[in-house]
Amino acid sequence: MPKTFLIDTSRCTACRGCQIACKEWHELPANQTRQRGSHQNPPDLNPNNYKLVRFSEHLDNGVIRWNFFPDQCRHCDVPPCKEMGDVYHEGTIIQDEKTGAVLFTDKTTVFTGEEFEQVREACPYDIPRRDPKTGLLSKCTMCNDRVQKGMLPACVKVCPTGAMNFGERADMLKLAESRLATVKKTWPKAMLADPGDVNVIFLLIDDPENYHTHTVAQAAFGPMTKKQFLATLARPFKAMAKV
Ligand code: SF4
Ligand code: SF4
Ligand code: SF4
């Protein structure tokens, strides 16, 4: 069984310790940013930020709500990014058999710009990014190097509130159901985001659209066959041929 995260947003204080620990462990450089009137910084995931705490402010029956969402790759059970990657360059995106971690290898530099865009679009959560300097595709690695040695992912290790949890899938599913039952007493809209499809399960206390656009899967889930992918790819070329 794969390893699984439970990210309990009811416990997240947006301290961003997880975001910083991820950068620290992976030795990712700082980004030049500017004040945009939001605590969300940088504004989006990028090759130097595999983890991003998203801040969403909205009005709920006249009350201002502030939702925090520590975004990262969901390590999908059947990863659409890998399915799409295999159409072009088989074996450049892999899934670790032991942990279930979905990994972009050093060979991902081989993707052309258009091929990378197809990989990014295949992801229901808009996670893959590309380093413009090296051409490497990038995202959360599940800290596979740490996990293989029996350690916790860096973001889980530092979280001071218990929002970040990690372990065997069966244990995390059990914890998710038990936390959901508790949280629902205070937050009736509470729900688990796509628990059957991913190995990073979010416990939300509000409607998914009140976090950010890709909180839950944006496309029909399930393994797409190569034939289906190729049919998708053929569409733009057919359209071009008609012009
Ligand atoms: Fe939230 Fe924990 Fe990350 Fe802090 S470290 S932002 S509490 S998930
Ligand atoms: Fe791939 Fe996106 Fe799933 Fe991560 S969340 S495994 S990048 S499809
Ligand atoms: Fe970053 Fe590791 Fe957490 Fe993924 S598991 S977000 S790579 S610290």
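Keep in mind it's a predicted model, so treat the numbers as computed, not measured. (Residues numbered from 1 in each chain as written. Chains lettered and ligands numbered in written order. Predicted model: local features only at pLDDT ≥ 70, side-chain atom pairs only at ≥ 80, totals over all residues. Heavy atoms only, no water.)

### Some details on the packing of helix 2 (residues 80-88) against helix 3 (residues 113-122)
Here comes step 1: Two elements in contact, helix 2 and helix 3, have axes separated by 7 Å at closest approach and are oriented at 155 degrees. When the interaxial angle is binned, helix 2 and helix 3 end up roughly antiparallel. In terms of crossing hand, the pair formed by helix 2 and helix 3 is right-handed. Contacts from Pro80, Cys81, Met84, Gly85 and Tyr88 of helix 2 reach helix 3 at Glu115, Gln118, Val119 and Ala122.
Here comes step 2: For the contact of helix 2 with helix 3, the residue count by class is 6 nonpolar, 2 polar and 1 charged. (Axes fitted to C-alpha atoms, helices over the stretch in contact; angles between N-to-C directions. Helix = DSSP H or I, 4+ residues; strand = E, 2+ residues; numbered from the N terminus. Parallel < 35°, antiparallel > 145°, perpendicular 65-115°, else oblique. Left-handed = near helix turned anticlockwise from the far one by under 90°. Contact = heavy atoms within 4.5 Å. Nonpolar A, V, L, I, M, F, W, Y, C, P; charged D, E, K, R; others polar.)

### Quick notes on the packing of aromatic side chains
Here comes step 1: Under the counting rule described, the total for this entry stands at 6 aromatic pairs.
Here comes step 2: Each ring, one from Phe55 and one from Trp66, has its centre 5.5 Å from the other, and the planes form 55 degrees; the classification is tilted. Placement of the pair is Phe55 in strand 2 (residues 52-60) and Trp66 in strand 3 (residues 63-71), with a sequence separation of 11 residues.
Here comes step 3: Accessibility expressed as a relative area gives 14% for Phe55, which makes it buried.
Here comes step 4: By way of ring pairs, the aromatic residues Phe55, Trp66 and Phe68 are connected into one cluster.
Here comes step 5: A cation over a ring is seen here: Arg146 above Trp25, with NZ or CZ 4.6 Å from the ring centre. (Phe/Tyr/Trp six-rings, centres within 6.5 Å; stacked < 30°, edge-to-face > 60°. Buried < 20%, exposed > 50% of the residue type's maximum accessible area, 1.4 Å probe, protein only. Lys NZ or Arg CZ within 6 Å of the ring centre and 35° of its normal.)

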